[in-house]
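Overview (structure and organization)
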Amino acid sequence: MLTILKEKFMSFDDPNAVIIAELAVDSKTELPEADGIEGRILAQGTLAWEISTGDFYGLSSSGTWVNQTTGDVYDPTSEAQDGE
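Residues numbered from 1 in each chain as written. Predicted model: local features only at pLDDT ≥ 70, side-chain atom pairs only at ≥ 80, totals over all residues. Heavy atoms only, no water.

**Things to note about the overall build of the protein chain**
Along the protein chain, the regular secondary structure elements total 1 helix and 7 strands. Taken over C-alpha atoms, the radius of gyration comes to 12 Å for the protein chain, in line with the 12 Å a tight globule of 84 residues would show. Expressed as lengths along the three principal axes of its C-alpha atoms, the size of the protein chain is roughly 35 × 30 × 25 Å. In the protein chain, the proportion of contacts linking residues at least 24 apart, taken out of those at least 6 apart, comes to 33%. (Helix = DSSP H or I, 4+ residues; strand = E, 2+ residues; numbered from the N terminus. Rg over C-alpha atoms; globule rule 2.2 N^0.38 Å. Contact = heavy atoms within 4.5 Å.)

Shown next as structure tokens:
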């Protein structure tokens, strides 16, 4: 489950709000794509807490999530393609 803990409005990308957010997910496979939350586009610097492991991820400008401890990259677009 994805929960938005906090968000800061940056601008509009009509009709969506561009935000920097703090998120919580049960596992990294729930990390969204930058445009994966209805009505919002996540900006670089968005942070996510993976509750099952305690890891933190940061959203890069390329739309991938980077584990802030190990540097491992997680690409949510490849996960969506694998599930098809």
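Structure shown, so let's carry the discussion forward.
**Brief notes about the pattern of salt bridges**
Tallying each qualifying case throughout the model produces 1 salt bridge. In this structure, E7 engages R40 in a salt bridge whose closest nitrogen and oxygen atoms are separated by 3.1 Å. Taken as a pair, E7 in strand 1 (residues 2-13) and R40 in strand 3 (residues 40-42) lie far apart in primary sequence, 33 residues in all. By relative accessible area, R40 is classed as partly exposed at 26%. (Salt bridge = Lys/Arg side-chain N within 4 Å of Asp/Glu carboxyl O. Buried < 20%, exposed > 50% of the residue type's maximum accessible area, 1.4 Å probe, protein only.)

**Let's talk about unusual backbone geometry**
Look at the link from D14 to P15: it is a cis peptide, with omega at 0°. Within the fold, P15 resides in the loop between strand 1 and strand 2 (16-25).

**Thoughts on the environment of L42**
Among the secondary structure elements, L42 is positioned in strand 3. Judged by relative accessible area, which is 4%, L42 ranks as buried. In the structure, L42 is positioned 24 residues away from V18 in sequence and 5.9 Å away in space, judged by C-alpha atoms. With residues near it in sequence (within four places) discarded, L42 still touches I19, A21, L23, P32, E33, A34, I37, L59 and W65.

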